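Chains, contacts and geometry: an overview
Listed below are the residues making up each chain.
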Protein chains: 2
Amino acid sequence: MTRATGAVAGAASGSDFLQLNVGDAPAGGLADWLSQQLRLAIADGRLPLGSRLPPSRVLATELQVSRGVVTEAYRCLTEDGHVAGRGRGGTVVVAMPVTAEPAPTGRPPAAAGRDAPAGGRGSAADRVFRDEPDTQVFATLRSVPAQVDLTPGVPDLAAFPRAAWLRAERAVLGELSASALGYGDERGAPGLRQAVASWLARTRGIRAHPDEVLIVAGVSQSLALLARVLQADGIAEVAVEEPGSLGARQQLAAWGVRTPPVRLDEEGVRVDELRASGARAVLLTPAHAFPSGVVLGGERRRELMDWACQPGPGGLVIEDDYDAEHRYDRPPVPALRSMMPERVCYAGSVSKLLAPALRVGWLLAPPRYREELAAAKRVSDHGTAVLPQLVVARLMESGTLERQLRMLRRRHRRRRDAMIEAIAAHLPDARVHGAAAGLHLMITFDGTALDDTALAAAALARGVKAQPLSWHTQRPGPPGLVLGYAATTPTAIREAVATLAEVRHDVV
Amino acid sequence: MTRATGAVAGAASGSDFLQLNVGDAPAGGLADWLSQQLRLAIADGRLPLGSRLPPSRVLATELQVSRGVVTEAYRCLTEDGHVAGRGRGGTVVVAMPVTAEPAPTGRPPAAAGRDAPAGGRGSAADRVFRDEPDTQVFATLRSVPAQVDLTPGVPDLAAFPRAAWLRAERAVLGELSASALGYGDERGAPGLRQAVASWLARTRGIRAHPDEVLIVAGVSQSLALLARVLQADGIAEVAVEEPGSLGARQQLAAWGVRTPPVRLDEEGVRVDELRASGARAVLLTPAHAFPSGVVLGGERRRELMDWACQPGPGGLVIEDDYDAEHRYDRPPVPALRSMMPERVCYAGSVSKLLAPALRVGWLLAPPRYREELAAAKRVSDHGTAVLPQLVVARLMESGTLERQLRMLRRRHRRRRDAMIEAIAAHLPDARVHGAAAGLHLMITFDGTALDDTALAAAALARGVKAQPLSWHTQRPGPPGLVLGYAATTPTAIREAVATLAEVRHDVV
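Before going into details, it helps to say that this report is about the structure given with it. (Residues numbered from 1 in each chain as written. Chains lettered and ligands numbered in written order. Predicted model: local features only at pLDDT ≥ 70, side-chain atom pairs only at ≥ 80, totals over all residues. Heavy atoms only, no water.)

**Here we look at a positive patch on the surface**
On the surface, a cluster of positive charge is contributed by Arg 167, Arg 170, Arg 403, Arg 406 and Arg 410 of chain A together with Arg 167, Arg 170, Arg 403, Arg 406 and Arg 410 of chain B. The topology assignment puts Arg 403 of chain B in helix H17 (residues 400–426). (Patch = residues over 30% accessible without salt bridge, like charges linked within 9 Å, V, L, I, M, F, W, Y side chains within 5 Å. Areas by Shrake-Rupley, 256 points an atom, 1.4 Å probe, with all protein chains shown as cover. Salt bridge = Lys/Arg side-chain N within 4 Å of Asp/Glu carboxyl O. Lys, Arg positive; Asp, Glu negative; His and termini not counted. Charge placed at Lys NZ, Arg CZ, Asp CG, Glu CD. Helix = DSSP H or I, 4+ residues; strand = E, 2+ residues; numbered from the N terminus.)

Here's what the structure looks like:
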């Protein structure tokens, strides 16, 4: 009854080789059952990489189920990144189900030399949560393999629009003048500066002339350039949110900038604390604070504006608008930049829209810093690579990026919902924060003395990568976890949260 | 007799619409004459953009010339970037002859505000050579339009392998795992680090493990990262060649590093002067010193090695191997890195192999600096964009880059020869330096009191962009010019040198 697998690869075919028996399916869960069976078939080689799935109409007829069941199962597999539609080429297997991440690139001999042998007490997996997080901590955590990676801040990378990217790049290469391949304007390609200005006007209500846009290698470079320029202006301190991003804090500290913490409450940053800190600048994530997800409220915005516009030198806001586009339940709040352009350095990037590996971002600064920031960019790297800039510009202008964002929002929303449901089911004492937007949730275990780094370490030992909330605080606070959901499939999310619940019992 | 142009566009056709009369051609110069006529036809619209040239066989028959004459004329036009072979699509017009560069992007209002009205005494064209060159000077010079741009340091950008790049990018996107699109290793994509290690072994005799390779955004970023790391190691002074690159000197100075000059003689850097300077580090271009073209001799290499290996902290060489691959008359000299890896930071990039706009380069440092350089890279920009890295890796491994380099060498050599001939014909009192390699020549007017910035300014006023030698010196020396030939066609080179000779007479 079953055909040889070899006959299947590369050819549309029926389902008999899959040995499916619909009688095994649970009532009401046909689509889930089918996608699970297909996943198994991919994992054990019955559907090898590159092979085509049977046309949905054919499979539905053979299994005597409705065609909707099959298309739903295929949609799940597509979303999970196992198969991809290839137009008239049908639906093709493109990836095996992940059982473990590919082996990480080892750190070089020099770094490895500092560590004890891998797997021992000094292995990266052990070391990452042992001490206070140092500047290597994110690289170390990245290097540890895990079944499920809930590191926050990454969109669904399987959704990266490869075909559209390639089409745009072909168009760019077809039109580019030879001179555009030389040393160009360190402030960015005119085409992208124009596209970003109009993108920000459409999506964030920011009115800016293209000349105000500095193209950078991402928000981290914006912080590096600002650190240099602000210090030259006598600003050696940038207040940061508490809780707030460890990465941003480390980034500023690496450039010699002090980062006094200012607490958030439910309305956002406490402007009274900011005022009391004496800091002349503050780094904020007003649209969806990292990691807490708090949105800066209206009254607090007005207070912040008063602070920024105070007599004398005034206050400067660095607005990291890292995931403002990813709102699920209501329209995004306006950017601070749109309200007081003279007092706000606005930083954004395509890292959460497309992929961090592109290293394309933008910084809009008040006029008094613009020349110095361009000079800092020039002496840092002579400008960002031109081809990716022009491809991003094309994706922005053609509407591709907007379609991508709509698709991501739907997908991320399902993943967020899967995570919230799983938390409610498995971790009933966890409080969920910041679910209205973004790519991650923060959960806290209020009123407990849980050691959240121990929890994260125990989870990692079981193959689930998550960040402890205490990494992102400078002062004592409730223990918790920061859980990214955008880059992980609903199935993996449910498994990972169940694992977290199991290790939760073993950790005091 | 003549067909309408419209009938020609997009269709292979005979030559009658060109109204060519072979009787007009000078004896012995048929190919030159034909390419000139075709150039005119492109310029005046008889051969519009996108139209196909007649097949060489057809045109040869119609003109009653040998087919070699036509293919030679087509080759000239191809090299000049006016037409391109499209396989079975024939030879297609892709660019108009340049009469002036496209209008530059204006500096932003903030910058423009500092300037007097364009074209007046304060225009960019006027300002660029008026004062001591400041850190904006290269950007300002770039912003001035010119008929012929002899700015050094740029390869033939019309030769950029667009089709090969796109093919490689398609392959990369087809193979890339989704996780590779996330935040990756700040030291670079493993694929490129591997490819660079083997490229350097093949082309430069450098044996390096991929872990020793840090991927950066070009040599300018290597200098920025080194400036930070060396200062942390107590090295606040990096000696530089005299004459030596103004850009590199400005780059180091911007990061707080002092740059005492050490003279070159015909054997390269004067190691006795280096020793006397007390500097613990030196930035060198040993394969082809910029701008003088001097090659570091064997005896001098041994002296340098003694200096670097002296007891105590030793000396550190920063080797900028910017155009070592471009040698015309003999094999390249070995890299210093291959002789003393413990004492040499080796910096290279694809800027002179492919295009500066790609912003991909590499830095190989001694073990003691490797971790700190990776950390500096991380806090600067979180790593270089991944897609261009992987495309470059593929071009290196597939042999495309080697073929590109061979093609560039032939093309650049013809351009160099055209420039040397033109200088001999028009500027007999100029002495030519550094012709054996590279992308530029240095000429000096020995024994004269010529003001070379005035000469460069006068040339620019006549549409020829060149850099005065005095920009690249810290001490008095003979006046001269630095003339890039690689990015300019032989025809334009001849015209430009003739213009230089004309303005030479007006400048004291």
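Don't stop here, the text continues.
**Re the packing of helix H9 (residues 190–204) of chain A against helix H16 (residues 386–397) of chain A**
Residues and elements named next belong to chain A. At a minimum axis separation of 9 Å, H9 and H16 run at an interaxial angle of 35 degrees. Pair H9 / H16 crosses with left-handed handedness. The residues of H16 that touch H9, namely those facing Gly 191, Leu 192, Gln 194, Ala 195, Val 196, Trp 199 and Arg 202, are Gln 389, Val 392, Ala 393, Met 396 and Glu 397. Among the residues making up the contact of H9 with H16, the classes are represented as seven nonpolar, three polar and two charged. (Axes fitted to C-alpha atoms, helices over the stretch in contact; angles between N-to-C directions. Left-handed = near helix turned anticlockwise from the far one by under 90°. Contact = heavy atoms within 4.5 Å. Nonpolar A, V, L, I, M, F, W, Y, C, P; charged D, E, K, R; others polar.)

**Some remarks on the interface of chain A and chain B**
Facing the 64 residues of chain A at the interface are 63 residues of chain B. Buried area between chain A and chain B, both sides added, is near 5,700 Å², and the carbon and sulfur share of it is 55%. On the chain A side of the contact with chain B, Arg 162, Leu 181 and Tyr 183 of chain A bury the most area, a combined 13% of that side's loss. Across the pair Glu 186 of chain A and Arg 142 of chain B runs a salt bridge whose closest N-O atoms are separated by 3.7 Å. Linking chain A to chain B there are 28 residue pairs in polar contact (both at pLDDT 80 or more). Breaking the side of chain A that touches chain B down by element, the ones donating at least two residues are helix H5 (109–114), helix H7 (137–143), helix H8 (162–175), helix H10 (219–232), helix H11 (246–254), helix H15 (367–381) and H16 of chain A. Top contributing element to the side of chain A that touches chain B by residue count: H8 of chain A, with six residues. When its residues are assigned to classes, the side of chain A that touches chain B shows 31 nonpolar, 17 polar and 16 charged. (Buried area = accessible area lost by both parts, 1.4 Å probe. Polar contact = N/O pair within 3.5 Å; in protein donor to acceptor, adjacent residues only side chain to side chain.)

**Here we look at the packing of aromatic side chains**
Overall, the coordinates contain nine aromatic pairs over all chains when judged by the stated rule. Ring centres of Phe 138 of chain A and Trp 471 of chain A lie 5.7 Å apart, and the angle between their planes is 90 degrees; on these two criteria the pair is classed as edge-to-face. Residue Phe 138 of chain A is located in helix H7, and its partner Trp 471 of chain A is located in the loop between strand S15 (467–468) and strand S16 (480–484); the two are separated by 333 residues in the primary sequence. Here Phe 129 of chain B and Trp 471 of chain B contribute two aromatic rings whose centre-to-centre distance is 5.4 Å and whose plane-to-plane angle is 35 degrees, an arrangement assigned as tilted. Within this pair, whereas Phe 129 of chain B is found in the loop between helix H6 (124–127) and helix H7 (137–143), its partner Trp 471 of chain B is found in the loop between strand S15 (467–468) and strand S16 (480–484), the two being separated by 342 residues in sequence. The exposure class of Trp 471 of chain B is buried, given its relative accessible area of 3%. Above the plane of the ring of Phe 445 of chain A lies Arg 504 of chain A, whose end atom (NZ or CZ) is 4.8 Å from the centre. (Phe/Tyr/Trp six-rings, centres within 6.5 Å; stacked < 30°, edge-to-face > 60°. Buried < 20%, exposed > 50% of the residue type's maximum accessible area, 1.4 Å probe, protein only. Lys NZ or Arg CZ within 6 Å of the ring centre and 35° of its normal.)

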